[in-house]
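Listed below are the residues making up each chain.
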Amino acid sequence: MKRTFDISAVLIASVLFSSAVAAQQSMSDWPQHSRERPVAPIVTPGAPALPVPPPSDAIVLFDGTSLAKWEDSKGAPAKWKLIGGGAMEVAPGTGRIQTHDGFGDAQLHVEWMSPNPPKGKDQDRGNSGVFLMGKFEVQVLDSYDNITYADGQAASIYGQYPPLVNVSRKPGEWQSYDIVFHRPHFDAAGKLTKPARFTVFHNGVLVQDDVEPVGPTANMRRPPYEAGPDRLPLGLQDHEHPVRFRNIWIRDLEKH
Ligand code: MG
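A quick note: this is a predicted structure, and the numbers were derived from the prediction, not measured. (Residues numbered from 1 in each chain as written. Predicted model: local features only at pLDDT ≥ 70, side-chain atom pairs only at ≥ 80, totals over all residues. Heavy atoms only, no water.)

1. Re the side chain of R251
Tracing the sequence through the fold places R251 in strand β15 (residues 244–252). Residue R251 is classed as buried on the basis of its relative accessible area of 18%. Only 2.8 Å separates the side chain of R251 from the side chain of D57, close enough to count as a polar contact. (Helix = DSSP H or I, 4+ residues; strand = E, 2+ residues; numbered from the N terminus. Buried < 20%, exposed > 50% of the residue type's maximum accessible area, 1.4 Å probe, protein only. Polar contact = N/O pair within 3.5 Å; in protein donor to acceptor, adjacent residues only side chain to side chain.)

Right under this line is the structure:
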């Protein structure tokens, strides 16, 4: 009798486990950027409660007053625009910006806004991105009333994992990402021993539940991991769209 009970429990657990995994872990079932892959169902976020002030142990990377903690990809001063109201805006064509400092494991808070009125469609609408270690993109896109491929919509781990739900606010409204990132680990020979991991909340709603990228994110390809430094700069993408950012802070989890 006890044995029967045990087997049932295992069966139930395995069914629950498989369906949970199917919600987000079935990346290999789909070609990259497939337009057949189901897009995330829409969820309306709760009332806005932004900005979220940084806790006492956070490093404030951008508080609206200066771009001093940022540079362009060549190490020159960041050329994006301070626009008042605590915000900066992508200066299209000036290239990505990145932090002077490198980070590995981290909790990151970023607020962003899609251009309003919206312009363009699909990937050509409010596109930017938050790049952990400069390599792993959490997509920033105007995904409000804008169809694109599932692994490229807002809050996707670009080209790999669609978000669990689409919790996008309208263009012109501030949105938030809260990201928990763990860096990849390599052995002395440069072999991957532990992939990177992401948990992401978009506007306070879980959209990436401890997913493991198969390597750095990229367009039209999925490159493999390559051993490198444990800490690398955080990047923000210039995709030629005037996306805005504000209130960016990070907690360095490797110092705790
Ligand atoms: Mg992008």
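2. As for the environment of F181
With respect to the helices, strands and loops of the structure, F181 is situated in strand β9 (residues 175–182). For F181, a relative accessible area of 0% gives the class buried.

3. Points about the pattern of salt bridges
Within this structure, the stated rule accounts for 13 salt bridges. We note a salt bridge from R251 to D57, for which the minimum N-O separation is 2.8 Å. With a gap of 194 residues between them, R251 in strand β15 and D57 in the loop between α1 (2–24) and β1 (59–62) connect regions that are remote in the sequence. In this structure, R183 and E254 form a salt bridge, with 3.2 Å as the shortest nitrogen-oxygen distance. A residue pair is termed long-range when its members are at least 10 positions apart, and R183 in the loop between β9 and β10 (185–186) and E254 in the segment after β15 qualify at 71 residues. Its relative accessible area of 10% is what places R183 among the buried residues. (Salt bridge = Lys/Arg side-chain N within 4 Å of Asp/Glu carboxyl O.)

4. Here we look at the nonpolar core
Counting residues in hydrophobic clusters, the biggest one holds 44 residues, and the most contacted among them are W70, V130 and F245. By residue number, the principal contributor to this core is strand β6 (residues 106–113), which donates 4 residues. Sequence-distant contacts of W70, that is, excluding residues within four places in its chain, are made with L61, F62, A78, M88, I97, Q98, T99, H100, L234, L236 and I248. (Core = buried A, V, L, I, M, F, W, Y, C linked by side-chain atoms within 4.5 Å. Contact = heavy atoms within 4.5 Å.)

5. A few points about the sheet that holds strand β7 (residues 128–132)
The strand order across the open sheet formed by 5 strands is β2-β5-β14-β7-β8, and the pairing between neighbours is antiparallel. Bordering the open sheet on either side are β2 (70–72) and β8 (136–140), each of which pairs with just one other strand. Averaged over all neighbouring strand pairs, the angle between strand axes comes to 30°, with direction disregarded. Pairing analysis gives 3 bridges linking β2 to strand β5 (residues 97–103), with the strands arranged antiparallel. Bridging across to β5, D72 finds its partner in I97. (Pairing = 2+ DSSP bridges. Axes fitted to C-alpha atoms, helices over the stretch in contact; angles between N-to-C directions.)

6. Quick notes on the packing of aromatic side chains
As enumerated under the stated definition, the model contains 7 aromatic pairs in all. Here W80 and F245 contribute two aromatic rings whose centre-to-centre distance is 6.1 Å and whose plane-to-plane angle is 25°, an arrangement assigned as stacked. Here the residue W80 occupies a position in the loop between β2 and β3 (81–84), and F245 occupies one in strand β15, the gap between them amounting to 165 residues. Judged by its relative accessible area of 4%, W80 is buried. Through pairs of rings, three or more aromatic residues link up here, namely F136, F181, F186, F198 and Y225. A cation over an aromatic ring shows up here: R96 above the ring of F131, its NZ or CZ 4.5 Å from the ring centre. (Phe/Tyr/Trp six-rings, centres within 6.5 Å; stacked < 30°, edge-to-face > 60°. Lys NZ or Arg CZ within 6 Å of the ring centre and 35° of its normal.)

7. Here's the deal with the environment of M113
Turning to its location among the elements, M113 is positioned in strand β6. Of the residues examined, M113 reaches a relative accessible area of 11% and is grouped as buried. For the pair M113 and V243, spaced 130 residues apart in sequence, the C-alpha to C-alpha distance is 6.0 Å.

8. Section: unusual backbone geometry
The amide bond that connects L50 to the next residue, P51, takes the cis arrangement and shows omega of 0°. Mapped onto the fold, P51 is located in the loop between α1 and β1. Here the amide bond leading from N116 into P117 is cis, since omega sits at 5°, within 30 degrees of zero. Inspection of the secondary structure assignment puts P117 in the loop between β6 and β7. Within the chain, H33 stands out as a residue other than glycine whose phi angle is a positive 60°. The residue H33 is located in the loop between α1 and β1 in this model. Residue H33 is classed as buried on the basis of its relative accessible area, which comes to 10%. Positive phi outside glycine occurs at A155, with the angle close to 75°. Given a relative accessible area of 0%, A155 falls into the buried group.

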